[in-house]
Amino acid sequence: MSRKLIHFGMAILVLIILAPIYITFVHSFMGMREIMLDIGGILGGGDQMVSLPLLPSYPTLRNYKELLLYAESFYRMFWNSFLQSVPTVLGQVLVAAPAAFVMAKYNFRGKRILFWIYLAVMLMPFQVLMVSEYLILKNLSVINTHLAIILPGIFGTYPVFILMKVFLNIPDDVMEAARLDGANTTTLLWKIGVPIGKGGIVSVAVLDFLECINSIEAPLVFIRDKSLLPLSLFFPAISSENVGEVFAASIIIMIPAVLVFFLGDEYLETGLQAFQVKS
Amino acid sequence: MKNKIKKLTYIILVVFLLAMGVMTIVSRVINESYVPIVETMTSKSGFLKVNAVGRGVIQFGTFSDERMDNKVFVEDTYYVKGIFYEKDFLDYVALGEDVWISVDGGNSVVQGKLVAKMYDYKEDFIEAVVFLEEGQYTVGTPVEFVLEKAKVRGNCLIPNETIYEDEDGNNYVYLLQQRDSITGNSTIAVKTFVHVLVWGDSKASIEEELDANVKLIVRNEILKDGLKVREKEW
């Protein structure tokens with residue numbers, strides 16, 4: 001009985017989580033008139049009742065047509081999102097993996113302090129580091145370029161923290177045996193660390209990609225040129241004129257994120273497990 | 001099975017990205033070829049050149065008026081005494097300006113000079129006296145006259161070629177507006193009603209005050225409210 005109750009409760013939770021996605025999907029196939037009839041009260045700020053139908057009464061592909069055929073800038077923003085996300089993820093993995101490997105498997109003076117610094121920086125919200133990051137980027141003359149988003153992303157502390165926990169799972173005996181065979185640090189990382197920690201690395205990459213593609217604060221602060229803005233920053237600009245196109249854009253931008261998630265879901269699980277269980 | 005799903009996901013992702021790449025090019029081509037290019041003009045404040053029209057009667061003799069101080073005809077001469085329909089049109093007109101007078105029922109036009117203008121507070125119009133060029137005229141003949149160098153001050157003057165008139169006689173213009181949205185920065189034509197105060201030869205003075213940066217789209221048959229347009233680059 002209690003098991004059924006738990007299942008029922010979980011089903012309700014799943015429905016609540018899926019509801020926004022479903023609403024977005026359904027409304028992306030509605031015409032402006034129907035959208036305004038449903039949610040016009042929210043958009044217009046009036047006291048009109050909001051209704052959320054299960055299916056569109058008059059399904060149309062107009063929003064997708066307008067977006068995909070006539071919104072040239074949509075593509076620019078779409079590719080901007082990728083131009084900022086992909087190098088950030090690649091850079092993050094390249095920087096975080098060696099750093100995490102050394103932190104996990106080597107002992108050196110100040111290691112513990114360094115770990116606590118990493119942890120403290122990881123816990124700080126973007127707003128705290130915003131000004132100092134801005135000053136550094138300004139001195140590097142990369143403000144208002146894609147690099148302003150990529151560079152701080154690459155040197156993020158969060159992946160190091162996760163990968164460190166992943167590399168801690170590598171048995172010391174294996175490391176010792178490799179060392180006796182003449183392996184140096186780089187060889188240890190590439191031949192032992194990366195293969196064993198592959199799940200963690202991929203999970204970090206997937207999580208970072210999702211975070212980058214949804215990032216709002218950094219582009220908002222570091223980029224002024226509208227032609228360099230990622231798609232995530234235009235979503236809040238919803239008005240009654242373009243809400244249909246916004247729904248359609250939300251669905252389209254969701255596709256790569258969902259696909260990347262499905263590609264990495266297996267590793268995501270193992271990575272997160274490794275994060276919890278030490279050998 | 002799991003590997004097949006993974007492979008399929010890879011293929012879908014690659015196809016999706018390729019499709020987005022192709023659509024980027026297609027969208028660019030469509031935008032360049034199908035979004036109409038429009039010419040724009042801006043509003044400004046200043047003087048609007050207008051024709052001041054009036055009517056009067058040919059008279060002969062001397063003329064004096066207590067509002068004219070010493071500006072009185074002392075010699076017998078032909079002149080037209082009449083009124084201008086729009087009193088505001090004469091505010092910036094100096095005496096001595098040429099006036100074209102239609103005589104003989106419009107069969108012939110003679111030149112005259114504005115020699116007096118007096119505001120009639122009771123009737124709220126401008127009385128005018130126009131000195132006729134030498135010739136023989138029939139006293140008492142009603143005539144119409146036009147002063148072509150009249151001007152009025154307008155807070156907002158817009159080009160006539162940007163103004164439309166609907167079936168009910170209402171005037172409207174199309175303004176070029178930037179729209180920042182999910183679809184990026186696009187420009188659209190926005191229909192806006194205006195109240196024309198005075199029509200000039202090339203411009204019209206309107207009641208509404210448009211910012212000098214506001215761009216008005218030159219008349220174009222395809223325009224409609226909300227239509228995406230591209231501004232012609234010079």
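Residues numbered from 1 in each chain as written. Chains lettered and ligands numbered in written order. Predicted model: local features only at pLDDT ≥ 70, side-chain atom pairs only at ≥ 80, totals over all residues.

### Here's the deal with unusual backbone geometry
All names here are of chain A. The phi dihedral of Ser 141 is positive, around 60°, even though this residue is not glycine. Structurally, Ser 141 can be placed in the loop between α6 (126–139) and α7 (147–154). The backbone phi angle of Asn 144 is positive, close to 70°, even though this residue is not glycine. Relative to the helices and strands, Asn 144 is located in the loop between α6 and α7. (Helix = DSSP H or I, 4+ residues; strand = E, 2+ residues; numbered from the N terminus.)

### Digging into the environment of Leu 69 of chain A
Structurally, the position occupied by Leu 69 of chain A is in helix α3 (residues 62–70). If we ignore the near neighbours within four places in the chain, the residues touching Leu 69 of chain A are Ser 27 and Ile 30 of chain B. (Contact = placed C-beta atoms within 7 Å.)

### With respect to the nonpolar core
The biggest cluster of nonpolar side chains holds 40 residues, and the ones touching the most others in it are Ala 52, Val 80, Phe 89, Ile 101, Val 130, Ile 158 and Ile 217 of chain B. In terms of residue count, the dominant contributor to this core is strand β8 (residues 142–159) of chain B (8 residues). Ala 71, Tyr 75, Ile 223 and Phe 247 of chain A belong to the second largest nonpolar core, which has 26 residues in total. (Core = buried A, V, L, I, M, F, W, Y, C linked by C-beta atoms within 7 Å. Buried ≥ 20, exposed ≤ 12 C-beta atoms within 10 Å, placed from the backbone.)

### Re the packing of helix α4 (residues 72–105) of chain A against α7 of chain A
Residues and elements named next belong to chain A. It is the contact of α4 with α7, at a shortest axis distance of 8 Å, that shows an interaxial angle of 25°. What the angle tells us is that α4 and α7 run roughly parallel. Taken as a pair, α4 and α7 cross one another with a handedness that is right-handed. Of the residues in α7, those in contact with Gln 84, Pro 87, Thr 88, Gly 91, Gln 92 and Val 95 of α4 are Ile 149, Ile 150, Gly 153 and Ile 154. Among the residues forming the contact of α4 with α7, the class breakdown is 5 nonpolar, 5 polar and no charged. (Axes fitted to C-alpha atoms, helices over the stretch in contact; angles between N-to-C directions. Parallel < 35°, antiparallel > 145°, perpendicular 65-115°, else oblique. Left-handed = near helix turned anticlockwise from the far one by under 90°. Nonpolar A, V, L, I, M, F, W, Y, C, P; charged D, E, K, R; others polar.)

### Brief notes about the confidence of the model for chain A
On average, residues of chain A score 84 in pLDDT, and 92% of them reach the 70 mark or higher. Per-element averaging of pLDDT across chain A places helix α2 (residues 32–44) of chain A at the bottom with 78 and α7 of chain A at the top with 91. (pLDDT = per-residue confidence, 0-100.)

### Notes on α6 of chain A
All names here are of chain A. An ideal rise of 1.5 Å per residue puts 20 Å on 14 residues; α6 measures up with 19 Å between its terminal C-alpha atoms. The largest bend in α6 is about 30°, located at Ser 132. Just downstream of α6 lies Ser 141, where phi reads positive at about 60°. (Expected span 1.5 Å × (residues − 1). Bend = angle between axes of the 7 residues up to and from the residue.)

### Describing the pairing of strand β5 (residues 98–103) of chain B
All names here are of chain B. Alternating positions in β5 separate cleanly, Val 99, Ile 101 and Val 103 being buried on one face and Asp 98, Trp 100 and Ser 102 remaining unburied on the opposite face. By the bridge criterion, 6 bridges tie β5 to strand β6 (residues 108–120) in an arrangement that is antiparallel. Across the sheet, Trp 100 pairs through a bridge with Gln 111, a residue of β6. When β5 meets β8, the two strands line up antiparallel, connected through 3 bridges. Note that in β8 the partner of Ile 101 across the bridge is Phe 145. (Pairing = 2+ DSSP bridges.)

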